[in-house]
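# Remarks on the overall topology
Listed below are the residues making up each chain.
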Amino acid sequence: MRLIVVLAVLIASGLPSRPALAQADAAPVAVAEATPVAPPPAAEPDIASLETIVVTGAQPGPGLWRVSRGSHVLWILGTLSPLPRDMTWLSADVEATIAGSEVALASPGVDFDADVGFFGRLALLPSLVKVRNNTDDKTLDQVLPPDLYARWQDLKAKYIGRSRKVEKWRPLFAAGELYRKALDKQRLTESGQIGKVVSKAIKQHGITKVDTHVKVKIEEPRAAIKAFKAEELDDVECLRQVLDRLEADLATMTARANAWAVGDVDALRTLPHDSPVRTCFAAIAETSFARERGIDDLPERVEAAWLAAAEAALRDHETSFATLSIGDLLKPDGLLAKLVARGYEVEAP
């Protein structure tokens, strides 16, 4: 039922739903008397070569960020998507830190809810299948400018193949499908092992998990589906930016994934973290569908909820743990920068 509200947001916006949190949920990362051990220094990777070869095998990942005020410490593991598909993460240090923590903060996210029950979900399935299609059964060649459609055709042939079903989809959903197929061809994956390891460690050691999610309740789901299908989404720019990313930045995404795998934070700092996420989210947030259901300001609400939970953890516990995206840790306007602005001390790995 999360599809009802932000079908496209969950595809393109990066705001994780509950299943996504299996990968990104926070787990405590601080051993009572031991600072997490940084991976042994390695020769600086050649980013040019990392752009073309995806690393495999056992890899350490990055060290942990340390946020503190007085004796209270919040350890943060930086997550990234996509990551190398054939990598095995050496997570012993993170698991040890989890074992020594008091609470674990969930990653920033959204929970969508609609009370329809099992049989109600079955009844809604035909509508959910159709909701991703363009209005009036238009195809992409009818809704995209000719130059953009030509670019779409080139990349579709490269990553998706001859399938015609995606030609009926709204640009927002077509962009999401193309992006996923391209990652697979590049041997990258969005569903990594980070969250599974973290969630298992939290459960194994009985760590209290702090829910930081914004809750969104969808009333009258049938009406919501009908309203979403009727909306004219201004999502052409979303598709354009995804095409830009795949044409110019797929090698950069690979380099970023490899830098995370080998624990090269310096390389992560130099690589861009720009994303079409905000443009794609705006395609939905600016509709009457979103405004009437209170989801037009989700990014701001998600950010505020996580910051409040982080400050409470730092105030009430000696040691706590969280996971945040690498972008939120490195960007000058990210969540870590906002904690610094509030007076917390931060040490990067």
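Going by the structure above, here's the rest.
Calculation criteria
Residues numbered from 1 in each chain as written. Predicted model: local features only at pLDDT ≥ 70, side-chain atom pairs only at ≥ 80, totals over all residues. Heavy atoms only, no water. Buried < 20%, exposed > 50% of the residue type's maximum accessible area, 1.4 Å probe, protein only. Helix = DSSP H or I, 4+ residues; strand = E, 2+ residues; numbered from the N terminus. Arc of directions from axis to C-beta. Contact = heavy atoms within 4.5 Å. Expected span 1.5 Å × (residues − 1). Salt bridge = Lys/Arg side-chain N within 4 Å of Asp/Glu carboxyl O. Patch = residues over 30% accessible without salt bridge, like charges linked within 9 Å, V, L, I, M, F, W, Y side chains within 5 Å. Areas by Shrake-Rupley, 256 points an atom, 1.4 Å probe, with all protein chains shown as cover. Lys, Arg positive; Asp, Glu negative; His and termini not counted. Charge placed at Lys NZ, Arg CZ, Asp CG, Glu CD. Core = buried A, V, L, I, M, F, W, Y, C linked by side-chain atoms within 4.5 Å. Pairing = 2+ DSSP bridges. Axes fitted to C-alpha atoms, helices over the stretch in contact; angles between N-to-C directions.

## So, helix α4 (residues 92-99)
- Residues of α4 that are buried: Val-94, Thr-97 and Ile-98. All buried residues of α4 fall inside an arc of 105° around its axis, so they share one side.
- Summarising the contacts, the buried residues of α4 are in contact with β2 (64-69), β3 (72-79), β5 (87-89) and α9 (194-204).

## Here's the deal with helix α16 (residues 298-316)
- An ideal rise of 1.5 Å per residue puts 27 Å on 19 residues; α16 measures up with 27 Å between its terminal C-alpha atoms.
- Inspection of α16 places Leu-298, Val-302, Trp-306, Leu-307, Ala-309, Ala-310, Ala-313 and Leu-314 among the buried residues, and these make up the whole buried set. Seen from one end, α16 has its buried residues packed into an arc of 165°, which puts them on one side.

## Observations regarding the pattern of salt bridges
- Throughout the structure, instances matching the rule amount to 10 salt bridges.
- Glu-311 is the salt-bridge partner of Arg-342, the closest N and O atoms lying 2.6 Å from each other. On the criterion of sequence distance, the pair formed by Arg-342 in the loop between α18 (335-341) and β12 (345-347) and Glu-311 in helix α16 is long-range, its members being 31 residues apart.
- Owing to a relative accessible area of 22%, Glu-311 belongs among the partly exposed residues under this scheme.
- Across the pair Asp-316 and Arg-315 runs a salt bridge, and its minimum N-O distance is 2.9 Å.
- Exposure remark for Asp-316: the relative accessible area of 45% places this residue in the partly exposed category.
- When salt bridges that share partners are traced, they join Arg-151, Asp-244 and Glu-247 into one network.

## A closer look at the environment of Gly-70
- The topology assignment puts Gly-70 in the loop between β2 and β3.
- Expressed as a C-alpha distance, the spacing of Gly-70 and Glu-318, which sit 248 residues apart in the sequence, is 9.4 Å.

## Concerning a positive patch on the surface
- A contiguous patch of positive charge, built from Lys-158, Lys-165, Lys-181 and Lys-185, is present on the exposed surface.
- Its location among the elements puts Lys-181 in helix α8 (residues 171-185).
- Lys-181 sits in the partly exposed class, given a relative accessible area of 35%.

## Some remarks on the nonpolar core
- Among the nonpolar cores identified, the biggest contains 46 residues, and Ile-76 and Trp-306 are the most heavily contacted of them.
- Residue contributions to this core peak at 6 residues, all from α16.
- Those residues in contact with Trp-306 that sit more than four places away from it in its chain are Leu-74, Ile-76, Leu-105, Ala-106, Ser-107, Pro-108, Thr-212, Ala-322, Leu-324, Leu-335 and Leu-339.
- In terms of nonpolar packing, the next biggest core, distinct from the first, is built from 28 residues, Val-54, Trp-152, Ile-160 and Leu-188 among them.

## Overview of the environment of Gln-193
- Tracing the sequence through the fold places Gln-193 in the loop between β8 (188-189) and α9.
- For Gln-193, a relative accessible area of 23% gives the class partly exposed.
- Note: C-alpha distance between Gln-193 and Thr-88 (105 residues apart in sequence) is 8.0 Å.
- Residues within four places of Gln-193 in sequence aside, it is in contact with Met-87, Thr-88 and Trp-89.

## A short note on the sheet that holds strand β6 (residues 103-105)
- On the basis of which strands lie adjacent, the open sheet formed by 6 strands has the order β9-β6-β11-β3-β2-β12 and mixed pairing. Two strands in the sheet have a free side with no partner beyond their single neighbour: β9 (208-210) and β12. Taking the axes of each pair of neighbouring strands and ignoring which way they run, one obtains an average angle of 25° across the sheet.
- Along the sheet, α16 makes contact with β2, β3, β6, β9 and β11 (319-325), crossing β3 at roughly 140°.

## Here we look at the environment of Glu-345
- For Glu-345, the location among the structural elements is in strand β12.
- Sequence separation of Glu-345 and Val-67 is 278 residues, and the distance between their C-alpha atoms is 5.6 Å.
- Discounting residues that sit within four places of it in the chain, Glu-345 has contacts with Arg-66, Val-67 and Ser-68.

## Regarding the pairing of β2
- Note that β2 and β3 share 6 bridges and pair antiparallel. Each residue of the ladder has a partner; that of Ser-68, found in β3, is Val-73.
- The hairpin formed by β2 and β3 contains 2 residues between the paired strands, and Gly-70 there has a positive phi angle of roughly 65°.
- The pairing of β2 with β12 spans 3 bridges and is classified as antiparallel. When the bridges of β12 are listed, Ser-68 appears paired with Glu-345.

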